[in-house]
Amino acid sequence: MSSDDAILAVNGLGKKFGDFAAVHDVSFTMRAGAIFGFLGPNGAGKTTTIKMLAGLLKPDSGTITIGGHTMAAAPLTCKGMTGYIPDRPYLYDKLTGHEFLQFMASLYELPAEKFARSQRFLELFDLTPWQHHLVESYSHGMRQKLIMTSAFMLDAPLLVVDEPMVGLDPKSARLVKELFKEQAGRGRAIFLSTHSLEIAEELCDTIAIIVNGRLRCLGTLEELRRQASRSDSDLEEIFLELTGTYELQEVIRALRREEP
């Protein structure tokens, strides 16, 4: 895919903290309607990459292009085209859920008729009875569902998601997966970072694995199988092989053999 056809194009992205290169020369593209899985061990550079995509961190090198606009030249335009769901949502405790959604709508200059979409997601997430309660009374899972409601409400072309299932009960987690599929079917591009390999295997068209700040591999599940030389393996085995932690499975097998 050429960068001209992509909703998101990342080229040579890099970020350092002092002498430590958190992200080094990362490049990929995403088309509209795709779900892109971004995987890696702890400390691999996932969150740093996500914050750069969301415009919260400035890259030291490389470019981020969203809908034909570069983050460096047109940051407000790029942010306006991006919905962001962080792993630890920061919300204003002294606002009600409804007021928070109004605040988000005002930031994105969302028309009233589009703001009305929020009611559908509040109902789906069982938040309608809570929408006029202060956010400080919300559980972590409810906060997560409120931030998701705001992101889905915006209907931006690109949705950047970091660990969406944290704090969600099984019903809500299933609903979120179905919503991701629905949103992708409507042409939204979804950049999804998750530690759940089952979710990535179920949802993602393309999967990238980052290790020590560098992309270790990129492709469909079948292409990753070929790269890992494991033609019949699931994503967990491929991930362990490509991240250099495959010996963990040998340890697990040894422990099982030792069980009485």
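With reference to specific residues and values, describe the packing of helix α9 (residues 221–228) against helix α10 (residues 235–242).
Helix packing geometry: the angle between the two helix axes and the distance between the axes. Taken N-terminus to C-terminus, the directions of α9 and α10 make an angle of 45°; their axes are 10 Å apart at the nearest point. It follows that α9 is oblique to α10 by the angle criterion. Crossing angle aside, the handedness with which α9 passes α10 is left-handed. For the pair α9 and α10, contact is made by L221, L224, R225, Q227 and A228 and by L235, I238, E241 and L242, respectively. Looking at the contact of α9 with α10, its residues break down into six nonpolar, one polar and two charged.

Quick rundown of the packing of aromatic side chains? Include the residues and the values.
One pass over the structure, following the stated rule, counts 10 aromatic pairs. Plain terms: the ring middles of F38 and F191 are 5.1 Å apart, the flat faces sit at 45° to each other, and that makes the pair tilted. Of this pair, F38 sits in strand β3 (residues 35–39) while F191 sits in strand β8 (residues 189–193), placing them 153 residues apart in sequence. For the pair F38 and F191, a shared accessibility class is recorded, and that class is buried. A connected cluster of aromatic rings, assembled from ring pairs, spans F28, F36, F38 and F191.

Analysis parameters
Residues numbered from 1 in each chain as written. Predicted model: local features only at pLDDT ≥ 70, side-chain atom pairs only at ≥ 80, totals over all residues. Heavy atoms only, no water. Axes fitted to C-alpha atoms, helices over the stretch in contact; angles between N-to-C directions. Helix = DSSP H or I, 4+ residues; strand = E, 2+ residues; numbered from the N terminus. Parallel < 35°, antiparallel > 145°, perpendicular 65-115°, else oblique. Left-handed = near helix turned anticlockwise from the far one by under 90°. Contact = heavy atoms within 4.5 Å. Nonpolar A, V, L, I, M, F, W, Y, C, P; charged D, E, K, R; others polar. Phe/Tyr/Trp six-rings, centres within 6.5 Å; stacked < 30°, edge-to-face > 60°. Buried < 20%, exposed > 50% of the residue type's maximum accessible area, 1.4 Å probe, protein only.

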